[in-house]
Structure formats: C-alpha cells, structure tokens
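What the coordinates show
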Amino acid sequence: MTQYQLSTGEKKFIGWHLLAAILAFAVGSFFGPLQAFEHAGWDLYPYLKPLIKSYYQGLTIHGVLNALVWTTFFIMGFLTFNVIFGLKRPLKNMTLNKVGFWMMVVGVLTAAVPILANEATVLFTFYPPLKANPFFYIGLTLVVVGSWVEGWGFFMTYAAWRKEHPNERTPFIAFGSLVTTLLWQICTLGVAVEILTMLLPWSLGLIEGVDPQLARTYFWFTGHPLVYFWLLPAYISWYAMLPKQAGGGKMFSDSLARLAFWLFLVLSTPLGFHHQYVDPGVPPVWKFIHAMLTFSVFFPSLMTAFTVIASLEYAGRKQGGTGTLRWIGKLNWSNPSVAAQLLAGILFFFGGIGGLANASYNVNLVLHNTAFVPGHFHLTVATAVTLSFMGISYWLVPYLTGKKLWQPKWATIQAWVWFIGMIIFSNSMHVLGLLGAPRRVPLGLAPYIPAEWNSRLFQVGVGGAILFVSGVLYLVVMYKTATNKQTVESEVEVPIAEAMQDPALSPVWLDRWSPWVYGALALIVIVYGPQLFDMIKNIALTSPGFRVW
Amino acid sequence: MSTQSMHIDAYERNWMIFGIVMLALFAAAVSVAAFGMGIQVPAPEQRVDPRTVATDPNSPWSNPGLREIAPGKYDAYILARAIPKWEYLPNEMTVPAGSTVSFYVTSADVQHGFKIQDTNANFMVLPGQVSKLTITFDKPGTYNFICTEYCGSGHGVMYGAIIVTP
Ligand code: HEM
Ligand SMILES: [Cu+2]
Ligand SMILES: [Cu+2]
C-alpha cells in the first residue's frame, strides 16, 4: 500500500518550522543547566557577561524560547503535516500559511532584540507592572497572530476537504490537529486582550497604568489551555502513531479518542483560576468552581491513558508479548522514536499526579510558587511534550529531508539520558518545593537556605548536568541527520495506527463541530463571564511600570 | 453494515467509572478541607491605590507594623516593595506563642509573594490589592516569610521573620 505523498515544497515548509523550533530549543535549553548549576552552588553567570547580564535574563530566555517558541513552532509544523497527510490534500492556500509562519518568525526576532538587550527581563509570564520594551509585546503578538493565521489556513483546508468528502469521518490525525488549533484560537484571546488593551498601549506611553489583577486573569485565561495546546499534539502521536511504531498496533478506540479531544476543547479553558488560588482579587467561590472543573479535565486524560496503554498492549501482544506487564518488553524499544515517547509517557504519569496536587485548591497553599511547580512542569511540558516531540522528529526529520537518521542508537541513548536526568532533577525540585523552597530564585545565593535543602540542591545540579548531555546529544543527532550523506532507500513510512473499529461506525455527533464549539464558549461565558465583567467594570489602571532588573 | 454506535470495551467502562469515582473523592477531600476544616484561600479584602498606599497618612501601610487589637490577637500591616530595595516593612515581628495574627499585605510597586515557612500562609501580593490571611502561631520559633513571586533582581533576597517567643 503506498501512502499519500507530501510535495517537496510542503516538506520544506514543515521543515522550516522544525528548524526554528530546534534552534529555539538549542538556545533556550542552554540556560536550563545553568540554572540547575546555580542552584547547586556553581554559579556560571559571571562568565556570560556582558552577553547575558543576569540569572533572570537567562531565565526569561529559557522560559520564552522553550515554553513558547520551541513548542509553538514544532506544533505548527507537526499540525501542518497532520492536516495535509490526514486529509490527503494540499493546503487550500499555502501562501496564507506561509504568511502566518513568517509572521511568527518576525515576531520571535522582534521580541528577541529587547530580551537580549536586557530590556525585557520580565520572564515568560511578563506580569505587569514589570514593564518591558514595547517590542517585546509586539513580538509576542506577532507570534500569536501568526499562529492564528496558520490555523485559519488549516480551517480553510478542512472546509475544502469537507466539501469534497461530505459523508466521511475526518481522519483522526487531522481531526485532533484541528481541535488543537481551535482550542488555541479560543484561549489565546486572553493574552491578546491583555497585550492589546493594556500592556502594549502602556509600554508605548499611551496609558499611565495597568490593573495587575486583571492582567493576571487575562493571562491565565490563556495560560492553562496553553498546556493542552502543548500536550494534544503529543497525544495525537501517542494515540495514532506510537502504537504502530511500537509493534504494528492499532488504535484501541477511535470514538473514545475523539470524545477525549472534544472534552479537552470544552474543559481546558474555563479553569484558569486554578493558577490564581492565592490571588487576592478573585472570590473563593470562583476559585472553587474552577478547581472542580480542573478535576473534570483530568477525565479525558484518564481516557487517553487507557486507550494509549490498551493500544500499546495490543502491539506488544502482537509481537509475542505475554503476561500482565511483560508485553511491555516486546515493544519496539530499539526504535528511538518509540523509546522517547514511551519514556515521555511514563514520566507524564508522575506529572499528572503532581498536577492533581497543584490543582487541589487549598493544597495549593503549600505548593504555590515553590520549586514543586517547575519540578512538575519539567515532567509535563519539558518531558511528556518535549521528549515526545524529540521522538516524533526522529522519524519526521528523515521523512522531510530524505536523509537517514544518524546513529539511531545514539538517538535512543539520548532519550534514556533525558529520562534519567529528569527523574533526578524533577524529584529533587519536588522535594525542595515541599520543604518550602521558592521558584524563580537563584537559590545558590538566597540568604534563607536551611542546611537540609543542600543535598537536594546538589541533586538539581546533577540532574541538570545529565539533561545537558541529553540536550546536546539531541542537537548532534539532528544536525548529523540533516547533513547526512546517506539518504533513505525508499520513502520513510508515516506511522499510522488504524483504528480497531472502522471510524465510519463511530457516531456522527463525534464529527460535528458546532455543539462542541458552542458548548465550549458557553461554559467559558458561565464560569469566566461574571467575574471578568466585574473586574473590567471596576478596572483600576493605577499601576505605573517598573524596570527593576 | 452494522449500525453506528459508540463501542465501549468493558474494561474501559470500568476504568472510566473508577476515574470518575477517584476524581469525585479528590473533590470531596478538598471540599472537606475547605469548608469543614476551614483551610481557605485568600478572598478579596480591599483595594488600594498603589501610588499613594505607602505615603497617604490615612493608609495603614504608611506606618506598617504589628498592632495588638485584643490580648493575643494582632493585625500585621506589611508593605512589600522593590524600590528603593527589595524588602518587607517591617521585616521582623515578635509575638508570643498562641497568638493569632491577621496579615494585611500589599505592594507599593510590582507583584510580590508572601509565604510563611512551615505554615499554610502563602499568597500573592499585588499592587492595588490587599491580601489577608490569619494564622495562629502555637509553636515558638523563628518563621521566615519569603517572597515567592519574581519582583526583579533582588527577589531572592527578599524575606523577613516572625519570631514566636515561648
Ligand atoms: C535542559 C534541561 C533543562 C533544565 C536543566 C532546566 C532547568 C530549569 C530550572 C532549574 C528552572 C527553575 C528556575 C527558577 O525557578 O529559578 C527552570 C525553569 C523553567 N523551565 Fe526548564 N530546564 C530544562 C529544560 C526545559 C524545557 C525543555 C522546557 C520547556 C519545553 C523548560 C521550561 C521551563 C519553564 C517554562 C521554566 C519557568 C521559567 C520561569 O519561572 O519563568 N525547561 N528550568
Ligand atoms: Cu493550569
Ligand atoms: Cu519577589
């Protein structure tokens, strides 16, 4: 069976996304180990002067490039692939998507200038009244709008496909990508309003002050669904690609997979107050309601865990695996793409548990803004997502470039080294948080460190060193692959796990957009509307800006 | 052709039921802690003008500090600031063991945090808002309070202490 083929132009276009993503990862991740070493008492920042002036300038680069740029570019590239390959048709308007992509690139470069000039050391959350140079906000806006434009290109392509195939079920990888895109377009309205109505005019001197509490509320409207924007592309791969790679497996339940994606669309935005449990200006009743909704969004993740594990088990048994757990050993662990994604999934399990703790309303009183939080999200975005994306790139880059993956064995080792380094790093960060250590503090220098933290701080450094090795290995494998003289013999096969049950038999309501979209918007209006209305009505633009770095 | 329907495997149905029950239990535990045991999160207390809160003579934060309002009961007005340097005013307070202290904290400039080590007190401090939380100190000792939100280069040195005497 021959697969649908992407054109050379399409492959190049997706390749540009990956190149930008990997460059961002290279620069952004460089600072991670430096931060970890600093915690362990080994301060390398004096050697970076005058290029990088402080720990916080580095931390801004780390957060912005890793959490925002590496993820968004990789995701837009991967979704572009999924839409074209899934729908088996070219983009409706390639030019539009190109415009979107280059807007994102220009946006990153625009924001990079003030960040590198130390004029935007506001971290990736840019909480006002810390006031950055206007180009920082303009750059971020361009990145977001560029990603919208690419998304509109996906929707137009889908509409064209729908006209051509009125009665077909949307192929799963395209379906998941479109839901992810829509979720992103809805939730980014929060930061768009924050920047356009407050931060940008304020940084340009058009208004005197901002309302920090309202700004946080806009920010977290986007901030939580952001994590699903990161996660859902990895889920698409885990559901519909990984089982095939791991041993010729099939997707256990197509309809439940679709239902899970819809639930993410509906539930992932109206719960941002769980990042504001300890904010003074939000009434506890709304915090509590958002806490309950936060528990509910764990449900589609539990469904995902079941379907993915069941699909993998099918693959393992097909390879002759037996026993309750022994089939796991039969999965195709020697394939670096498989190893990376399986290890990512294992650590995500622990990330999920930590997330439940964070989400638990008053338990959050103990954890808020402690080192527990970065401990948690290095398991989620920096491993479940990042290591999965690395795994995806181990087949996607050869597919796009026609070059053989350089030394698959080293790629597999890379995944394991990340896994081990992250266990050490993240475990010690979690413990430090429980002991009361704050985040966003160069802990090597802080004056209030009790002796009992020291061994844990040292472990943060050890984990960081191991992660550094893995990060470099990833970059080497990518570079060597892209410049490999050995080309693939035949076209790289795109791993697609067929559903066990013909998707055509899944209920029609799982392929209708409007009920879910209206449902999502209605829920947002119900649980955000009253409080947002109240805050906007009582807006106090009383905070002038500060540059305190 | 078989009909369109949602096929759900028995194992999967059980798993989903298990999941719902677990999440309901978590929700119940959190609710009991919140409403039964009174472990509450901050609620809107008061709004202030950050430009004048530290200087207006009518503002308690123009003269921050500890006030005894009844025997063993205190109000602590604390001002967090990054300018001219990163500090809390006051940065040291002494109360006898068994005291109940209500903290009223606000910021004169950027966002800060306020976390008293070894207690449940941990909240954001925002310019324009007053964060309030009440804590009873039963055990004597020194309780550091530290800043938990990035507030500029000196964020990591911003802390103070409550000394609880026997
Ligand atoms: C190379 C391995 C990495 C190491 C050793 C590392 C280390 C760290 C450390 C120690 C912190 C805490 C800094 C602080 O609170 O003061 C941090 C923050 C952070 N890291 Fe990483 N990191 C790594 C990779 C990543 C990746 C791949 C991502 C995302 C895809 C990521 C996203 C973040 C974010 C969003 C923050 C929070 C920044 C902030 O508080 O503003 N990190 N990292
Ligand atoms: Cu969240
Ligand atoms: Cu601070």
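Residues numbered from 1 in each chain as written. Chains lettered and ligands numbered in written order. Predicted model: local features only at pLDDT ≥ 70, side-chain atom pairs only at ≥ 80, totals over all residues. Heavy atoms only, no water.

**As for the coordination of the iron atom of ligand 1**
Residue and element names in this part refer to chain A. Around the iron atom of ligand 1, the protein contributes the donor atoms His62 (NE2) and His378 (NE2), at 2.0 Å from the metal centre. Coordination geometry of the iron atom of ligand 1: the 6 donor atoms subtend angles of 85 to 180 degrees at the metal centre, consistent with an arrangement described as octahedral. Remark: histidine 378 occurs in helix 13 (residues 372-401) and histidine 62 occurs in helix 2 (residues 55-87); sequence separation between them is 316 residues. Accessibility expressed as a relative area gives 12% for histidine 62, which makes it buried. (Donors = N, O, S within 2.8 Å, 3.2 Å for Na, K, Ca; no water. Tetrahedral: all angles 85-135°; square planar, octahedral: opposite > 155°, others 65-115°. Helix = DSSP H or I, 4+ residues; strand = E, 2+ residues; numbered from the N terminus. Buried < 20%, exposed > 50% of the residue type's maximum accessible area, 1.4 Å probe, protein only.)

**Here's the deal with the coordination of the copper ion (ligand 3)**
All names here are of chain B. For the copper ion (ligand 3), the full set of protein donor atoms is Cys147 (SG), Glu149 (O), Cys151 (SG) and His155 (ND1), and the range of their distances to it is 2.1 to 2.4 Å. Around the copper ion (ligand 3), the 4 donor atoms sit at angles spanning 83 to 127 degrees, and that spread fits a shape best called irregular. In primary-sequence terms, the residues that donate to the copper ion (ligand 3) follow C-x1-E-x1-C-x3-H. Residues cysteine 147 and glutamate 149 agree in their burial class; the two are buried.

**Structural notes on the side chain of glutamate 194 of chain A**
Residue and element names in this part refer to chain A. As for its position among the elements, glutamate 194 is in helix 6 (residues 189-203). For the buried glutamate 194, no salt bridge is present, and the opposite-charge side chain at shortest range is arginine 216, 9.2 Å distant. Setting aside residues no more than four positions away along its own chain, glutamate 194 makes contact with Phe126, Pro128, Leu199, Ala215, Tyr218 and Phe219. (Lys, Arg positive; Asp, Glu negative; His and termini not counted. Salt bridge = Lys/Arg side-chain N within 4 Å of Asp/Glu carboxyl O. Contact = heavy atoms within 4.5 Å.)

**A word on helix 11 (residues 336-359) of chain A**
Residues and elements named next belong to chain A. The terminal C-alpha atoms of helix 11 lie 33 Å apart, and with 24 residues this matches the ideal 34 Å at 1.5 Å per residue to within 8%. The N-cap residue of helix 11 is asparagine 335: its side-chain oxygen and the backbone nitrogen of serine 337 are 2.9 Å apart. One or two positions beyond helix 11, positive phi appears at tyrosine 361, with a value near 40 degrees. (Expected span 1.5 Å × (residues − 1). Polar contact = N/O pair within 3.5 Å; in protein donor to acceptor, adjacent residues only side chain to side chain.)

**Some points on the site of ligand 1**
Residue and element names in this part refer to chain A. Around ligand 1 sit 25 residues, and of these Tyr55, His62, His378, Arg439 and Arg440 come closest. Contact between ligand 1 and glutamine 35: a nitrogen atom at 3.3 Å from a side-chain N or O atom of the residue. Here tyrosine 55 contributes a side-chain N or O atom positioned 2.5 Å from an oxygen atom of ligand 1. Among the elements of the structure, helix 1 (8-39), helix 2, helix 13, helix 14 (408-435) and helix 15 (454-482) are those that each provide at least two residues to the shell around ligand 1. With 6 residues, helix 2 is the largest single contributor of residues to the shell around ligand 1. (Near = heavy atom within 4 Å.)

**Some words on the interface of chain A and chain B**
If you look at the interface, chain A gives 73 residues, while chain B gives 66 residues. Interface area for chain A against chain B, summed over the two sides, is near 5,600 Å², with a carbon-plus-sulfur share of 67%. Area buried by chain A at its contact with chain B is led by Pro280, Leu365 and Tyr448 of chain A, which between them contribute 13% of it. Across the contact surface, chain A and chain B share 2 salt bridges. For arginine 440 of chain A, the salt bridge identified is with glutamate 149 of chain B, shortest N-O distance 2.9 Å. Scanning the region where chain A abuts chain B turns up 16 residue pairs in polar contact (both at pLDDT 80 or more). (Buried area = accessible area lost by both parts, 1.4 Å probe.)

**A short note on the packing of aromatic side chains**
All names here are of chain A. Applying the stated criterion across every chain, the model contains 64 aromatic pairs over all chains. Each ring, one from tryptophan 70 and one from phenylalanine 74, has its centre 5.6 Å from the other, and the planes form 50 degrees; the classification is tilted. Of this pair, tryptophan 70 and phenylalanine 74 both sit in helix 2, separated by 4 residues, roughly a single helical turn. A residue is classified by how much of its surface remains accessible, and phenylalanine 74, at 0% relative accessible area, is buried. When the centroid spacing of 4.9 Å and the interplanar angle of 50 degrees are considered together, the rings of phenylalanine 221 and tyrosine 528 count as tilted. (Phe/Tyr/Trp six-rings, centres within 6.5 Å; stacked < 30°, edge-to-face > 60°.)

**What to know about the confidence of the model for chain B**
Residues with a pLDDT of 70 or more make up 95% of chain B, whose mean pLDDT is 91. Scored as a complex, the prediction yields pTM 0.96 and ipTM 0.92. (pLDDT = per-residue confidence, 0-100.)

**Some details on empty space enclosed by the protein**
All names here are of chain A. Applying the stated rule across the entire model yields 1 cavity of 30 Å³ or more. Quantified by volume, the largest cavity comes out at close to 230 Å³. Looking at the largest cavity, it is lined by 15 residues, and the ones nearest its centre are Leu68, Val144, Trp184, Val191 and Thr222. Where the lining of the largest cavity is concerned, the elements lending two or more residues are helix 2, helix 4 (134-164), helix 6 and helix 7 (212-240). Taken together, the residues that form the lining of the largest cavity break down as 11 nonpolar, 4 polar and no charged. (1 Å grid on protein atoms, 1.4 Å probe; cavity = no way out; pocket = protein on both sides within 12 Å on 5 of 7 lines; lining within 4 Å. Points joined across faces, edges and corners; volume = space filled by probe spheres on them. Nonpolar A, V, L, I, M, F, W, Y, C, P; charged D, E, K, R; others polar.)

**Quick word on a nonpolar patch on the surface**
Judged by side-chain polarity, Ile17, Phe18, Val21, Met22, Leu25 and Phe26 of chain B come together as a nonpolar surface patch covering roughly 530 Å² of accessible area. Within the secondary structure, phenylalanine 26 of chain B is located in helix 1 (residues 10-36). (Patch = residues over 30% accessible without salt bridge, like charges linked within 9 Å, V, L, I, M, F, W, Y side chains within 5 Å. Areas by Shrake-Rupley, 256 points an atom, 1.4 Å probe, with all protein chains shown as cover.)

**Some thoughts on the pattern of salt bridges**
Under the criterion given, the structure shown has 14 salt bridges over all chains. Here arginine 162 of chain A ties to aspartate 511 of chain A by a salt bridge, and the two come within 3.0 Å at their closest N and O atoms. Here the residue arginine 162 of chain A occupies a position in helix 4, and aspartate 511 of chain A occupies one in the loop between helix 15 and helix 16 (514-537), the gap between them amounting to 349 residues. Between aspartate 49 of chain B and arginine 51 of chain B there is a salt bridge, and its shortest N-O distance comes to 3.0 Å. Taking relative accessible area as the criterion, aspartate 49 of chain B reaches 25% and is therefore assigned partly exposed.

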